[in-house]
Each structure stands twice: as C-alpha cells, then as structure tokens.
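Residue-level structure breakdown
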Amino acid sequence: MKPSPIRTTCPYCGVGCGILVSREANGWSVRGDPEHPANRGRLCSKGAALAETLDLDSRLLHPQIEGRRVAWHSALDTVARRFREIIAEHGPQAVAFYVSGQLLTEDYYVANKLMKGFIGSANIDTNSRLCMSSAVAGHKRAFGEDVVPACYEDVELADLVVLVGSNAAWTHPVLYQRLAATKQARAQMRVVVIDPRRTATAELADLHLPLAPGTDAWLFNGLLAHLRRAGGLDWGYLQTHVEGFGETLAAVERLTLSEVAAACELPEADVATFYRWFAQTTRSVTLFSQGINQSSSGVDKVNSILNVHLATGRVGQPGASPFSLTGQPNAMGGREVGGLANQLAAHMDFTPETIERVRRFWRAPSMATAPGLKTVELFEAVRAGDIRALWVIATNPAVSLPQVDHVVEALRRCEFLVVSDVTARTDTARHAHVLLPAAAWGEKDGTVTNSERRISRQRAFLSLPGEARPDWWIVCEVARRMGFSSDFAYRSPAEIFREHARLSSLENGGTRLFDLGPLASLDDVAYDRLEPLQWPPTSRSVGTARLFTDGRYPTPTGKARMLPIQPRPPARRADTAHPFVLNTGRIRDQWHTMTRTGKAARLFAHIGEPCVEMHPRDLAEHGLRPGGLARVYNTQGEALVRVMESAAQRPGSVFVPMHWNDQYTARGRVGALIGAITDPISGQPEFKHAPVAVLAYAADWQGFLLTRHDPQAICVDYWARVRGQDCWRYELAGSLAQWPAEETLRLWLGGGRERIELRDPAAGRYRAARVETGRLQAVLFLERQAAALPRRQWLESLFARERLGEDERAGLLLGHPGRAQDSGGIICVCHGVGERAIVAAIEGGARSVEALGLALKAGTCCGSCIPELRALLTRARVPETTAA
Ligand SMILES: Nc1nc2c(c(=O)[nH]1)N[C@H]1C(S)=C(S)[C@@H](COP(=O)(O)OP(=O)(O)OC[C@H]3O[C@@H](n4cnc5c(=O)[nH]c(N)nc54)[C@H](O)[C@@H]3O)O[C@H]1N2
Ligand SMILES: Nc1nc2c(c(=O)[nH]1)N[C@H]1C(S)=C(S)[C@@H](COP(=O)(O)OP(=O)(O)OC[C@H]3O[C@@H](n4cnc5c(=O)[nH]c(N)nc54)[C@H](O)[C@@H]3O)O[C@H]1N2
Ligand code: SF4
Ligand SMILES: [Mo]
C-alpha cells in the first residue's frame, strides 16, 4: 500500500496554498491539495517546483563559529553568553533580533517572548516592516485593530475587483487564477488594475490605469469626492458605524476630476470610468499590496483606500471589502504574535494595562515597556554601535533592506552577529560570527496564517538533515542558557501554539478580535490534525470568513474611523541628473533573495539575469540597446544589469527586480539604490520610487561559460550565475584588462590545459570546450562582438549527454550542430514550452489559451504563464505596423 501523502502548506507567498507531498520512486512529488480552501488543488510555478528545492546542495548543516564547525552546545553557549555579557554591560537596548514573516507562528512567538518579556527590550523587528507595516498601521487607524476583513471567496463574489499596487498574476498567482476563472465564468464582473506598469496582472483588466508613480492617494481621494457628488455614499452606514467622515469628506470636497487626472497623469475619461464603476457596484473588492505599502506615505495611501470602502459600507460584506494581500507565508502570523517592534503581543500594543497583563501571563522578569526600533532605525543603531549584538533569523537584510551598502557596513561592524538560516552562503551569513543551521520547509512543524486569516499546518515530511534544528528549538535553547529555563521548556510546537492561543484570549472579553480561545485546548493529536481555519475560531473546527459584518469595530466607540488624507508625492523626485523613477519588485519565478528558488533550474528559464525594464522610447532617447548592459545608479549606489525593452513600462519609469544579490551576480543588489526613506508612521521604506540614471555599459567583450562545476569566484565587471538543468551558466562581460589570462581560464574551465580551443585575437574571439572521457565538462565563448555569440540552449543540452556524439563534438565551438532549432525564450516553465513553438502554434491556428494548451500543453499545469500566452495571442492579432 502506498503511504498517504503528507498535507502541508506552501512556504512561499501569502496565498497559503495547501500541498500534498508524497514519496515516489524517483523522489518527492508535490501537488496542490484539492481540499485546501485557499487553492483547491492549484499551484503556481514556484509551488510546483518545490520538490526541486529539497536537496541538501548549499544547505547549512552544522553550527559554525567564525567559519569553523562547532558542536551545538558550544554555539548555543556562545550566543547566550555574548548576549548576557552585552546586556550586563550595556543594557537590554544594546541587543536586537531581526526576524521574518517566513518563520512559523511558534518560532515567532518564542522569539518575541524572549526579547520582550525576558531580555526586556522591544528591539525585535521583522522583515514585515518592509512589507506589511503600512497596512497594519492603516488598519489600526481605521478599524482599531490590524484586521483583514475579507476572504478569498469575496474576490469571486465581487462584481468589481480593483487591484492596486499588486501584480497578483506573478505574486499571488493562485488567487489571481481564481479571479481569472471567475471572470471568465461571470460576464458582468469587471477588473480594474492600477499600476504604473502594464503588468501580467493587467492582462485581465477591463481598465488599466497606469498612474504616475506614487499618486494613488489623489486617485482615491478623488474617488471619495466623486462618490459624494454622485450620491454614492452610504449615509446610513456612515452615521451608524463611522466617525471622522465629516472632516474627511470636507477635505476632498473641492477636488475635481481634472485635478485628479492631472496629478495622476491619466486620461480624464479613464478616471471617470473607474469612478463610475466603483460608484455603481456595491460588490467591490479592492486588493492592495506593495505598490501602496512601500511608500513614504504608505499608511495614508492605505487609509485613502479604506476611506472609500467605509464611505460605501463595503467592509467585510460578501464580495465587498478592502483586502490587503500579505506577501510572505506567515506575514499574518507574525502580526498575530506581535513580531513588530511597536507591538507587544497577540494584537496588544504597549499600554500600562497590556504590559501588566502580558507580564503576568509570561511571568516575565524583565518586560519591555516601550516600542523598540523599527528595522531601518535598528540597522542604523547597529551601524552606530548602539546595538552591539544582533540575531538575524530567516531573512537576508544585506540584500532586502534599503541602502544595503550601509546595512552591510552595519553587519560588518556589529560586535556580535548571529545568523540562523537554511543556506550556508548568503550575503548576510558571510558576516556572521555564529551561524546556526535551521530546519527548512519540509523538515519543520507548526502553523502559518495566510492573507485571509486562515491558519494552516505546515507538517514535516523529511527528517532533519545534518545537525539542522527548528527555529523554535534554537531560540528556546538560547533562552534556557540565558537563565530562563522553565519558561522556555517547550517540548513541541503544539505546546507553544497552545500558549499563544491562551494569551490571545487572556482577559479579552471581545476587546480584541484576534482570539484563538477555542484552540488553546488542542491536544497534540488535534493540533497535528488541525484543518485550515480562519481566525477568530468559534470552535475548534469552525472559523470566521469575514469580520466587521455587523459594522461594529474594536475601537472605543465601536465605530470605524475615516481620516482626511493629504496626498504627498514620493520623498525624492526625478531630476535632470536622475531622470528615471526606479520601481522595484518581483518577477514570476523567483522568491526574494533566491536562496530557495535559485535551486530549481526551470525557475531561471523565464528571466535568468538581473535586468532593467524600460520603455522603448526611453531606450532610444538614452542610447540603450535591448539585450545590452546598463549601469543603473544614483548618489546612493549602483547596479549593473541587462537591458530589457518593455512597452508595458511607463515612460520615465524603470523596473529592476529585487531578487539578485552577490551570490548570483556581480552588482545587482538593487537595494543599494534605495534611500533609507520611510513612512513616518509605519517605518516602511519607499522601495518603489527612487530617482536613478541609466547609462549604457560598454563592454569590451561579452561571453558565457557553461560548466558542470561551479567556479563561484569570478571577477569581471558583469557576471550573472544561472542554474541550468545539468550545468551552471555564467553570462560574462568585462573590460580589456579583464580578458582572462591562462590561469583564469583554468579556474573557469577546470582541469588542466587539455581542451578544444579556438583563439582568434584579431577578431577578439576565444572559444574553448573541455571534454572528459566523452562527457562535456565546460564550454567558454568570449567575443568582442556580442552578436557573434550563439544561443546557449543547444550547448546547455549537451550537458545531459553521458557521451557526446560526433556531430555534437564537431559543433562545440560553433555553438550549434548546424541544423538545430531552438525554442526561443521559455514561456511555460512547467512543460518547457518556448516562445517560438507558441508563436508557431498560433500561426498554425491555435487562437486561444485553451487551444495552445491542447496543442503544446502550455499553460495547463500551474497557469502562471497564461497572461503571457494571452499577450502572444493578442500580439498575433495586431498588424505589425501598429505595434509599438
Ligand atoms: N514570484 C514571487 N511572488 C511573491 C514574492 C516573490 O518574491 N516572488 N514575494 C511575496 C511577498 S513577501 C510580497 S510582499 C508580495 C508582493 O506582491 P506585489 O505587491 O504584488 O509585488 P511587487 O512586485 O512588489 O509590487 C506590486 C506592483 O506595485 C507596482 N507599483 C509601483 N509603484 C506603484 C505606485 O505608485 N502605485 C501603484 N498603484 N502601483 C505601484 C509595481 O509596478 C508592481 O507591479 O509578493 C509575494 N509573492
Ligand atoms: N528593492 C526592494 N527590496 C525589497 C522589496 C521590494 O519590493 N523591493 N520587498 C521587501 C519585502 S515585501 C520583503 S518581504 C523582503 C524579503 O526579504 P528577505 O526576507 O531578506 O528575503 P528572503 O530571501 O526570503 O530571506 C529569507 C532567508 O531565510 C532563509 N530561510 C528560509 N527558510 C528558513 C527557515 O525556516 N528558518 C530560517 N532560520 N531561515 C530560513 C532563506 O534561506 C533566506 O536567507 O524584501 C523586502 N525588500
Ligand atoms: S500561489 Fe504559488 S507561491 Fe503562493 S502559496 Fe500558492 S503555490 Fe505557493
Ligand atoms: Mo513581503
């Protein structure tokens, strides 16, 4: 009998898809859980590739001190001793934890408890500061508590779905697929996408508003003004359930449509259409994400959105609600435990009463009594030497913070840096004094909460490799060695979860909606079997789909608050020296700093190198060539990336993915270009609007290296490391002085001097291949003229051969066997279908996504590439002459 699959949850985005993992003859297999309410069996490309990320290659498997392997007890003793010493000498404010929305709730709970109740400082902040903190603050101002009122089903029940600052097609793909399926089935449904870029998400839109970056608050203020003028307000709801509406409405009274259109640089008619649809459609859901949150006025933008929903009574109703999408798998869980420095615990802030309550509950010897430092300030304090010991858990700040060059300096200067990670080499880990090997997804047990407040279990299906340990265990062992034994003597995540649930309901009496009371008594078996459930639960198995359905809010008056919003432009504006606005964010197939998605070759097929996307007009005006390299820079820093032409880009705006870092490219950390500018309330950085200049980089030569053995140390101006199916690929470019000498060639190609070579100095050409007993080991192509380089695909495919054939050997230094057909860029990652094949199929009569699916299987697995298939179909219908 085959063992039944393990039911667990995807470790990537906040959609929180259920996953079934089973053991097959050739390894693990991963598929969507048809019974999980978030995804009903669907998965996106990242989820579907999870089995490829389970190997131990590049895993951190043993504790290390100063780069040397040590026993666990010695690593833990060292961490506890150094923290104790620094606290004794400099006080609890001299230490800090920087944690992550990728921790499980149980890990998060104990870290928060240790810092805030036992060390006695609130200097624990989380990468959710970079992600959700503006939404948190906006919710608290409007609703009195950080609560997302809606559920995924609302997206399917709505007649109007507005996506603002969200590229859900790539970042919340399964939710987007649910929306797409509904839209197809329900003709009356409309979708509006508000994003300066025409993203994959906009493919579904009836209306796309490519507004000027950072102008959303004008648009939503204008909408409020319009609702008032058009009789679109729900006065009954306002009078009974909302306060502050008088002054809020007064503040926007004189705002006209043409003023809004001018401020947002949008056609008046399009703004009017959006306003009309919103006014007409009771069932409206507004989904928002980082295009709103990551801004120096992010909290105000959030409230400008909540204002229009409150003004129309569309909060927590079926198909009618504002809906903040969470990014990380457990961004919501972190907010529940109070992992942000300005929260205490379990949705309680720092008030004398709550501090006392939590002190009693934890029997805390040393309670924090005031908020701690928010991320950007926290790293400034590390740099200044005010914080002397820092423990980073499950996040990679050397890549993901603004002004990363300062952050790296802070990490270098830090007197005592501890890093817990699953990966041995990251840009942050390289500075650690102590490195602690954490258990990874598949090895750990606990809970996560998704965007719709649904708590799901992550269940282990792998044994702990090497000496890796779960994060909760590591934190508790350090706590015990710091002298807090009995308070951190948990034997399992279940025990921690019960305590967390008890705290949430402690003296609650309905004052906090976050109340897990019924789950506080789950025994270990019930915890293990816990079914996905939306908080607050009314029993152990029944959750709550929507909140605020009755219009009552957890504020002192029971009413929600509307707030007058004075829109502010981004803190720094483009000028003649820095004419572009840099927008940063995600691509479809990579996750953050690539420590996990970087393990799956097929996730590099879509976009393989760091890049800057620009409008064709901007390229032409600045003498930039698609496929060439460019320096993107400002006074803050610089990145060197590949130029990608994209008519989807707004002229004047450029987009650089956030993912690339020192492990994957020479100079691609885009955080280096982003100022440490934050929202004054939330402390969330302005990641989406940094002024930059873009200048072509003139390489003296370009080339690529394909190799079975990763040389890792490559020193030329540009290199980008791409994982192929059976080899590594390095894209290369450099100056004349960097033309590789023999010694370098040996390092790159491996082996001795025996290689097939073609040297043509006059043409500025070098090509070499190394074959060992018939098996290809490495290929290197360098050219003065980049155009002379062949496509890499055929050469890459030769690494799969145990022995090269005669033709193949003969083609090595040509880069093709003469008759090969390559497939263009890969569009459907799941089935490996390239653009050429798709275009050919369209020309051959496949006129719909379904037809392409039948012909090529493209788009039939995870569906993430459907927007691109649709774009190719559309393009095929447009006569060449009218295309941009
Ligand atoms: N593939 C993939 N998916 C992910 C992640 C990942 O790393 N990779 N990370 C997860 C995490 S942690 C998060 S937080 C989410 C983020 O999910 P999203 O917020 O959807 O992703 P982003 O790409 O950061 O930004 C969203 C959009 O905001 C737009 N934008 C920029 N400026 C403005 C503006 O002024 N106004 C408006 N209206 N829009 C603007 C950008 O053009 C971009 O398309 O994704 C999650 N999902
Ligand atoms: N320019 C720019 N920067 C951004 C953003 C942007 O849009 N633009 N977005 C911001 C946002 S929204 C976010 S959420 C952040 C994300 O940024 P980070 O959190 O820095 O990115 P990750 O790569 O997810 O880092 C997670 C780390 O934890 C490790 N890890 C994985 N699982 C575990 C585990 O179980 N235990 C432990 N101990 N470690 C583990 C991984 O190997 C990895 O090193 O980036 C922010 N930075
Ligand atoms: S949408 Fe994709 S990344 Fe997000 S949880 Fe589902 S499978 Fe994972
Ligand atoms: Mo995020």
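Residues numbered from 1 in each chain as written. Chains lettered and ligands numbered in written order. Predicted model: local features only at pLDDT ≥ 70, side-chain atom pairs only at ≥ 80, totals over all residues. Heavy atoms only, no water.

So, the site of ligand 2
Near ligand 2 you find 33 residues, and of these Gln102, Ser400, Asp421, Asp471 and Thr593 are the closest. Between ligand 2 and Lys444 there is a distance of 3.0 Å, counted from an oxygen atom to a side-chain nitrogen or oxygen. Separating an oxygen atom of ligand 2 from a side-chain N or O atom of Trp591 is a distance of 3.4 Å. When isolated, ligand 2 has an accessible area of 930 Å², and the protein chains bury 98% of it. Looking at the shell around ligand 2, the elements with two or more residues in it are strand 15 (416–421) and strand 21 (580–585). Here the residues of the shell around ligand 2 sort into twelve nonpolar, 15 polar and six charged. (Near = heavy atom within 4 Å. Polar contact = N/O pair within 3.5 Å; in protein donor to acceptor, adjacent residues only side chain to side chain. Areas by Shrake-Rupley, 256 points an atom, 1.4 Å probe, with all protein chains shown as cover. Helix = DSSP H or I, 4+ residues; strand = E, 2+ residues; numbered from the N terminus. Nonpolar A, V, L, I, M, F, W, Y, C, P; charged D, E, K, R; others polar.)

Thoughts on the nonpolar core
One finds Leu219 and Phe274 to be the most contacted residues of the largest nonpolar core, which totals 176 residues. With residues near it in sequence (within four places) discarded, Leu219 still touches Ile194, Leu209, Leu211, Val260, Cys264, Leu266, Val271, Phe274 and Tyr275. Formed by 45 residues, the second largest nonpolar core is a distinct cluster that contains Ala410, Met614, Val670 and Val692. (Core = buried A, V, L, I, M, F, W, Y, C linked by side-chain atoms within 4.5 Å. Buried < 20%, exposed > 50% of the residue type's maximum accessible area, 1.4 Å probe, protein only. Contact = heavy atoms within 4.5 Å.)

Digging into the pattern of salt bridges
Considering all chains together, one arrives at 67 salt bridges under this definition. The residue Glu156 makes a salt bridge to Arg178 at a minimum N-O spacing of 2.8 Å. Taken together, the residues span a long stretch of sequence, with Glu156 in helix 5 (residues 152–157) and Arg178 in helix 7 (residues 173–185) at a distance of 22 residues. Look at Glu156 and you get partly exposed, because its relative accessible area is 23%. Classification of Arg178 by relative accessible area gives buried; the value is 10%. Here Glu783 and Arg767 are joined by a salt bridge, their closest N and O atoms 2.7 Å apart. (Salt bridge = Lys/Arg side-chain N within 4 Å of Asp/Glu carboxyl O.)

With respect to helix 27 (residues 835–843)
Burial in helix 27 covers these residues: Ile838, Ala841 and Ile842. What you see down the axis of helix 27 is that its buried residues fit within an arc of 100°, all on one side. In the core, the buried residues of helix 27 are packed alongside strand 33 (826–828), strand 34 (833–834), helix 28 (849–856) and helix 29 (866–877). Following helix 27 by one or two positions, Gly845 has its phi on the positive side, about 115°. (Arc of directions from axis to C-beta.)

Some details on the pairing of strand 16 (residues 434–437)
Of the two faces of strand 16, the one carrying Val434 and Leu436 and the one carrying Leu435 and Pro437 are both buried. The sheet contact formed by strand 4 (residues 64–65) and strand 16 spans two bridges and is antiparallel. Bridge pairing links Gln64 to Leu435 in strand 16. Pairing analysis gives four bridges linking strand 15 to strand 16, with the strands arranged parallel. Bridge pairing in strand 16 places Val418 opposite Val434. (Pairing = 2+ DSSP bridges.)

Here we look at the packing of aromatic side chains
Tallied over the entire structure, the rule returns 26 aromatic pairs. Taken together, a centroid distance of 5.4 Å and an interplanar angle of 80° make the contact between Phe97 and Trp391 edge-to-face. Linking Phe97 in strand 6 (residues 95–99) with Trp391 in strand 14 (residues 389–393), this pair joins segments that are 294 residues apart in sequence. With respect to burial, Phe97 and Trp391 carry one shared label: buried. Its guanidinium or amino end placed over the ring of Trp535, Arg453 lies 5.8 Å from that ring's centre, counting from NZ or CZ. When the ring centre of Tyr633 is taken as origin, the NZ or CZ atom of Arg631, which lies over that ring, is 4.6 Å away. (Phe/Tyr/Trp six-rings, centres within 6.5 Å; stacked < 30°, edge-to-face > 60°. Lys NZ or Arg CZ within 6 Å of the ring centre and 35° of its normal.)

Regarding helix 24 (residues 742–749)
Of the residues making up helix 24, those classed as buried are Glu742, Leu745, Trp748 and Leu749. Projected down its long axis, helix 24 shows its buried positions confined to an angular sector of 120°, all on one face. Buried residues along helix 24 sit in contact with strand 27 (701–707), strand 29 (728–734), strand 30 (756–760), strand 31 (765–772) and strand 32 (775–783). Phi turns positive one or two residues past the end of helix 24, at Gly750, with a value near 75°.

A word on the environment of Leu798
On the secondary structure map, Leu798 appears in the loop between helix 25 (793–797) and helix 26 (806–811). In this structure, the C-alpha to C-alpha distance between Leu798 and Phe361, residues 437 residues apart in sequence, is 63 Å. Setting aside its immediate chain neighbours within four residues, Leu798 contacts Leu776, Leu804, Glu808 and Leu812.

Comments concerning the site of ligand 1
Ligand 1 sits among 35 residues. The nearest are Asp195, Gly214, Ser289, Arg586 and Gln590. Thr171 is positioned such that a nitrogen or oxygen atom in its backbone is 2.8 Å from a nitrogen atom of ligand 1. Between an oxygen atom of ligand 1 and a side-chain N or O atom of Lys688, the distance comes to 2.8 Å. Protein chains bury 100% of the 910 Å² of accessible surface belonging to ligand 1 in isolation. Looking at the shell around ligand 1, the elements with two or more residues in it are helix 6 (168–171), helix 13 (290–293) and strand 21. For the shell around ligand 1, a count of residues per class yields ten nonpolar, 18 polar and seven charged.

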